[in-house]
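Examining the three-dimensional arrangement
Chain by chain, the residues run as shown.
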Amino acid sequence: MDITSEETGSKGRYSATVDGHEAEVTYSRASPKLVIVDHTGVPDALRGKGVGQALAAHAVEEARKGDWKIMPLCPFFRAQAMRHKEWHDVVNL
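My aim in this report is to walk through the structure given alongside it, one point at a time. (Residues numbered from 1 in each chain as written. Predicted model: local features only at pLDDT ≥ 70, side-chain atom pairs only at ≥ 80, totals over all residues. Heavy atoms only, no water.)

Before going further, it helps to spend a moment on the pairing of strand 4 (residues 34–41). Extensive coverage of strand 4 is indicated by the burial of 6 of its 8 residues. Direction of pairing for strand 3 (residues 21–31) relative to strand 4: antiparallel, over a ladder of 7 bridges. Its bridge partner being in strand 4, V25 is matched across the sheet by T40. For strand 4 and strand 5 (residues 69–72), the ladder comprises 4 bridges, and the chain directions are parallel. Bridge pairing in strand 5 places V37 opposite P72. In terms of handedness, the path from strand 4 via helix 1 (residues 51–66) over to strand 5 forms a crossover that is right-handed. (Buried < 20%, exposed > 50% of the residue type's maximum accessible area, 1.4 Å probe, protein only. Helix = DSSP H or I, 4+ residues; strand = E, 2+ residues; numbered from the N terminus. Pairing = 2+ DSSP bridges. Right-handed = clockwise from strand over helix to strand, strands pointing away.)

In structure tokens, the structure reads:
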């Protein structure tokens, strides 16, 4: 799955297009060391295919590379972070 990144000012998103449908994780950069994930959107056609999970994992890897923390306001992202204790080094629950 190919995941792309966009950032404009303090807003950003990670997106993936699968079978002609686009899914996304959006975030706001609160500071150079803190990103707030506020939304995960996965179209019905992609539900259950692991696309949201892949986007969340990508955000975690980007946080590790960039040495920043993630505050998950998005319920989906928060639930994923609670299931993945190995993410707790970068996710503030």
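Counted by the stated rule, this structure contains 2 aromatic pairs. Ring centres of F77 and W87 lie 6.1 Å apart, and the angle between their planes is 40°; this geometry places the pair in the tilted category. Of the two residues, F77 sits in helix 2 (residues 75–83) while W87 sits in the segment after helix 2, which places them 10 residues apart along the sequence. Exposure class is identical for F77 and W87. Each is buried. Seen from the ring of W68, R29 lies directly overhead, with NZ or CZ sitting 4.4 Å from the centre. (Phe/Tyr/Trp six-rings, centres within 6.5 Å; stacked < 30°, edge-to-face > 60°. Lys NZ or Arg CZ within 6 Å of the ring centre and 35° of its normal.)

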